[in-house]
Amino acid sequence: MRIYFCPECGGYSLGPASQCDECQAVLPDDSWADVTEEELSQLEYIEELELPPGLPTWEYDVVKLNTESGVNGISYSTEVLNRMGEKGWELINILPGDDSEDPRYGVFKRSWVPDYEE
Ligand SMILES: [Zn+2]
């Protein structure tokens, strides 16, 4: 089944959907994923976990890196890494493609300390 992620509130809606179930924001056309029943129940499980007050939360992003060998590929990837670093993102892993020709993906994280209302 297909689910759509909301960039506004971080929620997800079961497809077909054009608006977020949670906040009614318009969902971008490219912000979806095909998931299995099991993956969906994992998302539901995570949603129900509670965040104890005062703990930082982690935000993750996955960005495609250039696998072209040679100067071009390297300078592109260096640029991407530096720009992510400037925005507070730390590279924590690289996911390989299926073979050496496929793109690799950098996994980045940064922490937030959420604001709690008094
Ligand atoms: Zn939303």
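Residues numbered from 1 in each chain as written. Predicted model: local features only at pLDDT ≥ 70, side-chain atom pairs only at ≥ 80, totals over all residues. Heavy atoms only, no water.

### Focus: the domain arrangement of the protein chain
Point 1. Domain boundaries in the protein chain define domain 1 (2-48) and domain 2 (57-112).
Point 2. The C-alpha centroid of domain 2 is placed 25 Å from the C-alpha centroid of domain 1. (Domains from an automatic or database assignment.)

### Examining the coordination of the zinc ion
Point 1. Here the zinc ion is held by Cys6 (SG), Cys9 (SG), Cys20 (SG) and Cys23 (SG), and the distances to it run 2.3 Å.
Point 2. What the four donor atoms of the zinc ion show is an angle range of 106 to 115 degrees at the metal, which sorts the shape as tetrahedral.
Point 3. Here the donor residues for the zinc ion map to a single chain with the spacing C-x2-C-x10-C-x2-C.
Point 4. By relative accessible area, Cys20 is classed as buried at 1%. (Donors = N, O, S within 2.8 Å, 3.2 Å for Na, K, Ca; no water. Tetrahedral: all angles 85-135°; square planar, octahedral: opposite > 155°, others 65-115°. Buried < 20%, exposed > 50% of the residue type's maximum accessible area, 1.4 Å probe, protein only.)

### Some remarks on the environment of Pro103
Point 1. By the secondary structure assignment, Pro103 is in the loop between strand S5 (90-95) and strand S6 (104-112).
Point 2. According to the relative accessible area criterion, Pro103 is partly exposed, its value standing at 27%.
Point 3. Taking C-alpha positions, Pro103 is 6.6 Å from Lys64, a pair spaced 39 residues apart along the chain.
Point 4. Filtering out sequence-adjacent residues up to four positions away, Pro103 remains in contact with Lys64, Leu65, Thr67, Pro96 and Gly97. (Helix = DSSP H or I, 4+ residues; strand = E, 2+ residues; numbered from the N terminus. Contact = heavy atoms within 4.5 Å.)

### Structural notes on a negative patch on the surface
Point 1. A surface patch of negative charge is lined by Asp21, Glu22, Glu37, Glu44, Glu47 and Glu48.
Point 2. Within the secondary structure, Asp21 sits in the loop between strand S2 (12-14) and strand S3 (32-34). (Patch = residues over 30% accessible without salt bridge, like charges linked within 9 Å, V, L, I, M, F, W, Y side chains within 5 Å. Areas by Shrake-Rupley, 256 points an atom, 1.4 Å probe, with all protein chains shown as cover. Salt bridge = Lys/Arg side-chain N within 4 Å of Asp/Glu carboxyl O. Lys, Arg positive; Asp, Glu negative; His and termini not counted. Charge placed at Lys NZ, Arg CZ, Asp CG, Glu CD.)

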